[in-house]
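Letter by letter, the chains look like this.
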Amino acid sequence: MSPGRGRGRLARPAAAVACGLAALAALAPEVASGAVVAAGASVGSASGAGASGAGASGAIAAGPAAPGTAPGAGAGGGTAGGGAAAGGGAGAQPAEFPPLGQTLSDVRQNGCRKPAARAADRPSWSQVFLRPEAVWPLSRGAGVTVAVIGSGVDAAAGSGAGALAGRLTLGPRLHGDGDAGRDCVGHGTALATLVAGRRPADGGPSGVAPAAKVLAVAATDDAGSTNADLLARGIRAAADGGARIGLVAAPIAEPAPALADAVGYATAKGMLLVAPVGPDNQAVNAPVYPAGYPGVLAVAGIGADGGPAGAGGSDSAGGSAGSSGAAGQAGGAAAAVAPGRTSRVDVTAPGEGLLAAGPGGGTFTVSGPSYAAALVAGTAALVLGRSPSLTVEQLADRLRSTAYRPGTALPDPAVGWGAVDPVTAVGAPAAAGPAAAPGPTSAATAEPVVVPPPPDGRPVRLASAVTGASLGGAVLLGLAAAAARVGRNRAAGRAGAGAGAGAGGGTGERDGEAAPTGR
């Protein structure tokens, strides 16, 4: 699929962020362009990463590569320089804000991810693109709980001056000891702050729904690996914890009965599941789960130009879905759009070169569909904050039906129904009555329709020009005719006056001659 496919109306918000990107480019070109330089540390081969991840967890082995993996994006090994994101390589200077990936393959050797050295004092381009602050007077997500089902959320983010202070609940840790307040990878913390991080006083990046609550559920090991059983238990724990939205951070490659049952359980409990259409840093064209199940809102990422993230292709190394591969450390580039995609995409959101807070404070650069899913989950929280009575089906339909249309047959294979639009989604009228049962006429399964292009105004403009010219010509002809008549009348008047004067003079002379004086 060409990089330009699926833009259409998506180019409108892309044009709106041009000024913001220009400012970002002046300060951090790698963030504005979405290209991230990988850190210089050696990561090791993918096979070794998988083994170390399994050893760290003590139970979870690296799973098989996701079906449909694009050439060059599989488990290919080497150092971070060999599999780094676009613009990176061994020996290159680190990015201004270090990359943060979905997994951390060297956790056993080097420990948990270290905090970033500094915090950004400017918003991410995704905030300029989505404009969530425009609807904060209507809804900031207050009263809505979003569960982040992934690597956990750093407990420090929920206290003191943390981005989630007073709004973070630590749920269970389903693998290992403790609760979900330990986030060794940092992935879950970044997702949570994209969803609901407070707005910093210095103007740095903030979440979409800064008043929403976050329920952290740890469903991976310390390296970020997971499996169907852990995800299923995590989804059930989130639904039982009262979450209205469940953000699934890490997909797996194969369907599983336990996971399918958990999706149905969550829907019945009134929780909308939002999940990425693939793992970060890896191109796939086959479904991953739970995004592949009906009723789950499947999210893909887009770049700053409105096109699919990574559409130009990527040779980044990547771990398989649900495994801890080398991409977890490089972690900078969004997954490329694989040709012949067969997985379903419902909506998109920015998913390339974003800025997000990580564990221990500081700002990281993040890319991938999981981060796009976090922005969609935040948008859903804004909608529920204003319309809390919406059902799961109504909420999902609201997000699809108010998305920026791509200008192609819907749903588009790469961008689905378009880019999520918080302004329109929150401002749309609330649904009246119960939602119709999902069926062949629902938004997700309707026959593709083609959004017509804007009407061509050239014939109208041409007709207007011809009409104007005709009227103008008629007026000019009328004025010319009137001027000619006036000229003729004046000429006739002058001729009559001259003739009268000549006749009077001749008579006087003859009279004088006719009366000679007598002698």
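Residues numbered from 1 in each chain as written. Predicted model: local features only at pLDDT ≥ 70, side-chain atom pairs only at ≥ 80, totals over all residues. Heavy atoms only, no water.

1. Section: the packing of helix H11 (residues 369-386) against helix H12 (residues 392-401)
Here is step 1 of the chain: Their axes nearest at 11 Å, the elements H11 and H12 cross at an angle of 115°. Judged by the inter-axis angle, H11 sits roughly perpendicular to H12. Handedness of the crossing formed by H11 with H12: right-handed. Counting all contacts with H11, which are made through Val 376, Thr 379, Ala 380, Val 383 and Leu 384, the residues of H12 involved are Leu 395, Arg 398 and Leu 399.
Here is step 2 of the chain: Looking at the contact of H11 with H12 residue by residue, the class counts come to 6 nonpolar, 1 polar and 1 charged. (Axes fitted to C-alpha atoms, helices over the stretch in contact; angles between N-to-C directions. Helix = DSSP H or I, 4+ residues; strand = E, 2+ residues; numbered from the N terminus. Parallel < 35°, antiparallel > 145°, perpendicular 65-115°, else oblique. Left-handed = near helix turned anticlockwise from the far one by under 90°. Contact = heavy atoms within 4.5 Å. Nonpolar A, V, L, I, M, F, W, Y, C, P; charged D, E, K, R; others polar.)

2. Focus: the layout of surface pockets
Here is step 1 of the chain: The computed volume of the second largest pocket comes to approximately 400 Å³.
Here is step 2 of the chain: Elements with a minimum of two residues in the lining of the second largest pocket: helix H7 (187-196) and strand S8 (354-357).
Here is step 3 of the chain: Per-class residue counts for the lining of the second largest pocket are 12 nonpolar, 12 polar and 3 charged. (1 Å grid on protein atoms, 1.4 Å probe; cavity = no way out; pocket = protein on both sides within 12 Å on 5 of 7 lines; lining within 4 Å. Points joined across faces, edges and corners; volume = space filled by probe spheres on them.)

3. Considerations on the confidence of the model for the protein chain
Here is step 1 of the chain: For the protein chain, the average pLDDT comes to 73, and 58% of its residues sit at 70 or higher.
Here is step 2 of the chain: Low confidence marks residues 1-9, where pLDDT is under 50. Its contacts with residues over four positions away, or in another chain, come to 24 contacts.
Here is step 3 of the chain: A low-confidence stretch, residues 16-94 stays under pLDDT 50, and its non-local contacts, those more than four residues away or across chains, total 140 contacts. (pLDDT = per-residue confidence, 0-100.)

4. What to know about the state of the cysteines
Here is step 1 of the chain: If you walk through the whole model with that rule in mind, you get 1 disulfide.
Here is step 2 of the chain: Paired through a disulfide, Cys 112 and Cys 184 show a sulfur-sulfur distance of 1.9 Å. With the S-S bond torsion at -100°, the cross-link from Cys 112 to Cys 184 turns out left-handed. A residue pair is termed long-range when its members are at least 10 positions apart, and Cys 112 in the loop between helix H5 (107-110) and helix H6 (125-130) and Cys 184 in the loop between strand S2 (168-173) and H7 qualify at 72 residues.
Here is step 3 of the chain: A relative accessible area of 3% means that Cys 184 is categorised as buried. (Disulfide = S-S within 2.5 Å. Buried < 20%, exposed > 50% of the residue type's maximum accessible area, 1.4 Å probe, protein only.)

5. What to know about the pattern of salt bridges
Here is step 1 of the chain: Taken as a whole and judged by the stated rule, the model has 7 salt bridges.
Here is step 2 of the chain: Here Arg 118 and Glu 96 are joined by a salt bridge, their closest N and O atoms 2.4 Å apart. On the criterion of sequence distance, the pair formed by Arg 118 in the loop between H5 and H6 and Glu 96 in the loop between helix H4 (46-57) and H5 is long-range, its members being 22 residues apart.
Here is step 3 of the chain: Notably, a salt bridge pairs Arg 122 with Glu 96, separated by 3.2 Å at the nearest N-O pair. Pair noted here: Arg 122 is in the loop between H5 and H6 and Glu 96 is in the loop between H4 and H5, with a separation of 26 residues, a long-range link.
Here is step 4 of the chain: We classify Arg 122 as buried; its relative accessible area is 8%.
Here is step 5 of the chain: Residue classification places Glu 96 among the partly exposed residues on the basis of a relative accessible area of 28%.
Here is step 6 of the chain: Through salt bridges with shared partners, one network takes in Glu 96, Arg 118, Asp 121 and Arg 122. (Salt bridge = Lys/Arg side-chain N within 4 Å of Asp/Glu carboxyl O.)

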